[in-house]
Amino acid sequence: MTQQGKLYVVGFGPGDFKHITTRAVEALQDSDFIIGYKTYVELIQDLITNETSVISTGMTEEVSRAQEAVRQAEAGKKVAVISSGDAGVYGMAGLVYEVLIEKGWTEANGVPVEIIPGISAINSCGSLLGAPIMHDSCTISLSDHLTPWNLIAKRVEAAAMADFVIALYNPRSGRRTRQIVEAQRILLQYRSPDTPVGLVKSAYRERQHIIITNLEEMLEHDIGMLTTVIIGNSSTFLYDNKMITPRGYQRKYTLNTDKQALKPHQRLREEAEPWAMDQNTGVQRLESSVAVADRVKNVQQVETIKQEPPKVSSYEMAMKALERVSSEDLKTTQYVHQDFEEIFELAVSPGVANKKFTPEQMMTLAMVVGEKGTMEYTPNHQIVLKIPTSNPNSITKKLQGVGFLLSPVGDVLTLKACDFCDGEKTAGIPYAEEIQEKLGGMDLPKELQIGFNGCGMACYKAVTEDIGIIHRKGKFDLFLGAKPVGRTAHPGQAVAEGIEPDDIVEVITNIIKEYKENAHPNERLFKYFKRVKQIQGFVYKDIAPKINIEPAPCGD
Ligand code: SAH
């Protein structure tokens, strides 16, 4: 009895043996023939233990490769047709089926066919770059051998417009050098020049080479036949030389700092997803402010037209239209990310010493927070605002316009001054303001409050803050190491008395600098002080009362 033939179509992954599937290895070992492009056959040769005939052909002989494979399988042989990556992604799988279909093959009557999946370049290259794929992505081959260039260009544009992460396969060869240049030009119409781009050559092979660059500079690097180009979406960012695309779009940001992803527990709440489809109406709950603004503009235009029909000639109208099309406004590229609202988080207060709000300030607050935002009164002498917006600058401008002091929120330095007896004890104020100016809002390993009080009464409780500064008799007393919260809270230690006014800002700056550079992430100042025993020459004394009290973290 003749053995029944079989056709395996095998994707062997990026090229090293660790990233090939077990089923792919089984198929290769079970086959009488292995058919593939020379370079690929060489890559997997060492995996074949039995006496297998190998038919390797040139790059361009794909059709004859598929025909030969079908012929051998129909003659009763087991045949593996190999592709790099996944055989179903610009590989041999489709071609094998086309040849079979031409011969009238069906599953019921023809030779058995098994397509074995492999790790495609988008995945292998993605893994070497960090986590660039993560969100909706697509692959586009820039090879116009079998596809008209204008269709490829259209796809690049559509993907750019729709904010897909894009993996460009076959980006460039000896003869096809213009395609990648044109693709970059199209992408730059929709994405910022500093969009992260990864170039991975020969992933998981001997000559592997990885470059992280950006959309503007990507062509300054070597891109060839063995390169996959991965273009980030509007949210992709770089961290420690890795390309990372967050899972979602909603991001928080605060003053002076980069955008931060929502913390895992903040996701999936309704208020964090203002753009989701409403399950009752089938429409998006909230439109982006850009979309709303556009609609308002249109409505206004329609209304203007209704009220006063234009009394202009068609020539004038045509000239006007031309003017609009060529105006600077329209020329500025509208990057995709401008369409998304992100949560802008910041804290406001009337001033360092000033504790009084004006009616104008309250009205401005209400206006900028609007229906969608929140404002929260906090223990830090600040009101924290959370406002979904695509234009944070207009918010900060309005708030600063009415004299608010703005600060970022999170693990930053906050200065909590007293009201200096309603402005009567003014001597300390300039120093408080200088410290605020110099250090306020600075990113730190953990939140840190400086309490600054204008006299020895210290009625705003400076000694219970991370750093306490008390102005007394023209000089300053310094307290360090308070544990401001918790059931084991305690005040700080008086580490110095009578610091000269000329020195105080520098002393505080140096303490902060040391803490920022040396503390562990999340290590509050009192813990750092206890651990290192000395900050800037101020020595730690173990004065905290020794009581055994069970720790009770937040919520317990
Ligand atoms: N079937 C393959 C793709 C074949 S098209 C797959 O699924 O990965 C050939 C293109 O794939 C190359 O031009 C390159 O862009 C990409 N490619 C394949 N293997 C690669 C590797 N190991 N490293 C980087 N790019 C690779």
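Located above this text is the structure these notes cover.
Definitions and cut-offs
Residues numbered from 1 in each chain as written. Predicted model: local features only at pLDDT ≥ 70, side-chain atom pairs only at ≥ 80, totals over all residues. Heavy atoms only, no water. Helix = DSSP H or I, 4+ residues; strand = E, 2+ residues; numbered from the N terminus. Buried < 20%, exposed > 50% of the residue type's maximum accessible area, 1.4 Å probe, protein only. Contact = heavy atoms within 4.5 Å. Areas by Shrake-Rupley, 256 points an atom, 1.4 Å probe, with all protein chains shown as cover. Core = buried A, V, L, I, M, F, W, Y, C linked by side-chain atoms within 4.5 Å. Axes fitted to C-alpha atoms, helices over the stretch in contact; angles between N-to-C directions. Parallel < 35°, antiparallel > 145°, perpendicular 65-115°, else oblique. Nonpolar A, V, L, I, M, F, W, Y, C, P; charged D, E, K, R; others polar. Salt bridge = Lys/Arg side-chain N within 4 Å of Asp/Glu carboxyl O. Phe/Tyr/Trp six-rings, centres within 6.5 Å; stacked < 30°, edge-to-face > 60°. Near = heavy atom within 4 Å. Polar contact = N/O pair within 3.5 Å; in protein donor to acceptor, adjacent residues only side chain to side chain. Patch = residues over 30% accessible without salt bridge, like charges linked within 9 Å, V, L, I, M, F, W, Y side chains within 5 Å. Lys, Arg positive; Asp, Glu negative; His and termini not counted. Charge placed at Lys NZ, Arg CZ, Asp CG, Glu CD. Arc of directions from axis to C-beta. Pairing = 2+ DSSP bridges. Left-handed = near helix turned anticlockwise from the far one by under 90°.

1. Some points on the overall build of the protein chain
- Summing up its helical and strand segments, the protein chain has 16 helices and 26 strands in all.
- Residues classed as buried in the protein chain amount to 44% of the 556 residues present.
- A sequence separation of at least 24 residues applies to 65% of the contacts in the protein chain between residues at least 6 apart.
- For the protein chain, the computed accessible surface area is about 30,800 Å², with 52% contributed by carbon and sulfur atoms.

2. Looking at the nonpolar core
- Core analysis: the largest hydrophobic core is formed by 37 residues, its most contacted members being Ile467, Ile469, Leu478 and Ile508.
- Looking at this core, the elements with two or more residues in it are strand 20 (413-417), helix 14 (429-439), strand 21 (448-453), strand 22 (467-472), strand 23 (475-480), strand 24 (493-499), helix 15 (501-518) and helix 16 (525-532).
- The greatest single-element share of this core, amounting to seven residues, is contributed by helix 15.
- Contact partners of Ile467, with chain neighbours within four places excluded, come to Leu448, Gln449, Ile450, Gly451, Ala462, Leu478, Phe479, Leu480, Ile508, Ile511, Ile512 and Leu525.
- Core analysis: the second largest hydrophobic core is formed by 23 residues, Ala153, Ala160, Ile180 and Ile223 among them.

3. Focus: the packing of helix 15 against helix 16
- Packing of helix 15 against helix 16 brings their axes to within 11 Å, and their N-to-C directions diverge by 85°. For the element pair helix 15 / helix 16, the angle class is roughly perpendicular. Residues Glu514, Tyr515 and Asn518 of helix 15 pack against Leu525, Tyr528 and Arg531 of helix 16.
- In terms of residue class, the contact of helix 15 with helix 16 is built from three nonpolar, one polar and two charged.

4. Quick word on the pattern of salt bridges
- Tallied over the full model, the rule gives 18 salt bridges.
- The shortest N-O distance in the salt bridge between Glu345 and Lys386 comes to 3.8 Å. Taken together, the residues Glu345 in strand 16 (residues 342-349) and Lys386 in strand 18 (residues 383-389) connect sequence positions 41 residues apart.
- According to the relative accessible area criterion, Lys386 is partly exposed, its value standing at 32%.
- Of the charged contacts, one joins Lys416 and Glu465 as a salt bridge, the two residues approaching to 2.9 Å between their closest N and O atoms. Note that Lys416 is positioned in strand 20 and Glu465 in the loop between strand 21 and strand 22, a separation of 49 residues in sequence.
- Residue classification places Glu465 among the buried positions, given a relative accessible area of 8%.
- Connected through salt bridges with shared partners, the residues Lys6, Arg23, Glu26 and Glu114 form a single ionic network.

5. Some remarks on the packing of aromatic side chains
- Evaluation of the coordinates by the stated rule reveals ten aromatic pairs.
- Seen from their ring centres, Tyr37 and Tyr40 are 5.1 Å apart, and the 85° between their planes marks the pair as edge-to-face.
- According to the relative accessible area criterion, Tyr37 is buried, its value standing at 17%.
- Judged by relative accessible area, which is 17%, Tyr40 ranks as buried.

6. Overview of the site of the ligand
- Neighbouring the ligand are 20 residues, the closest being Val89, Ser120, Met225, Thr227 and Thr228.
- Within the backbone of Ser202, an N or O atom sits 3.5 Å from a nitrogen atom of the ligand.
- Residue classes in the shell around the ligand are distributed as eleven nonpolar, seven polar and two charged.

7. Points about a negative patch on the surface
- Taken together, Asp194, Glu216, Glu217 and Glu220 make up a surface patch of like negative charges.
- Along the chain, Glu217 falls in the loop between strand 10 (209-214) and strand 11 (227-231).
- Since its relative accessible area comes to 35%, Glu217 is described here as partly exposed.

8. Regarding helix 11 (residues 359-369)
- Burial in helix 11 covers these residues: Gln361, Thr364, Leu365, Val368 and Val369. Each buried residue of helix 11 sits inside an arc of 120° when the element is viewed along its axis, so together they form one side. In helix 11, the exposed positions angled more than 90 degrees off the buried face are occupied by Pro359, Met363 and Met367.
- Of the surrounding elements, those touching the buried residues of helix 11 are strand 16, strand 17 (374-377), strand 18 and helix 12 (392-401).
- Following helix 11 by one or two positions, Gly370 has its phi on the positive side, about 60°.

9. Quick word on the pairing of strand 22
- Here strand 22 lies mainly inside the structure; five of its six residues are buried.
- The pairing of strand 21 with strand 22 spans four bridges and is classified as parallel. Across the sheet, Phe452 pairs through a bridge with Ile469, a residue of strand 22.
- Note: strand 22 against strand 23, six bridges, orientation antiparallel. By the bridge assignment for strand 23, Arg472 is matched with Lys475.
- Here strand 22 hands over to strand 23 after two residues, with Lys473 in that stretch at a positive phi of 50°.

10. A look at the pairing of strand 9 (residues 196-201)
- Taking burial as the measure, the six residues of strand 9 include five buried ones, the bulk of the element.
- Where strand 9 meets strand 10, six bridges bridge the pair, whose relative direction is antiparallel. Each bridged residue has a counterpart across the sheet, and for Val200 the counterpart in strand 10 is Ile210.
- Bridge count for strand 9 against strand 11 is five bridges, and the pairing is antiparallel. Among the inter-strand pairings, Leu199 is bridged to a residue of strand 11, identified as Val229.

11. Observations concerning the environment of Ile20
- Considering the arrangement of structural elements, one finds Ile20 in the loop between strand 1 (6-11) and helix 1 (22-30).
- Residue Ile20 is classed as buried on the basis of its relative accessible area, which comes to 12%.
- Put simply, Ile20 and Ser84 are 64 residues apart on the chain and 9.9 Å apart in space, counted from C-alpha to C-alpha.
- Leaving out residues up to four positions away in the same chain, Ile20 has contacts with Phe12, Val25, Leu28 and Leu47.

12. Some remarks on a nonpolar patch on the surface
- Together, Tyr97, Ile101 and Ile115 line one region of the surface with nonpolar side chains, adding up to about 260 Å² of accessible area.
- Mapped onto the elements of the fold, Tyr97 is located in helix 4 (residues 93-102).

13. A few points about the packing of helix 3 (residues 62-74) against helix 4
- Taken N-terminus to C-terminus, the directions of helix 3 and helix 4 make an angle of 60°; their axes are 9 Å apart at the nearest point. By the criterion of interaxial angle, the relationship of helix 3 to helix 4 is oblique. The handedness of the crossing between helix 3 and helix 4 comes out as right-handed. Residues Glu62, Val63, Ala66, Gln67 and Val70 of helix 3 lie in contact with helix 4, whose contacting residues are Leu95, Val96, Val99 and Leu100.
- For the contact of helix 3 with helix 4, the per-class residue count stands at seven nonpolar, one polar and one charged.

These figures come from the coordinates and say nothing about function on their own.
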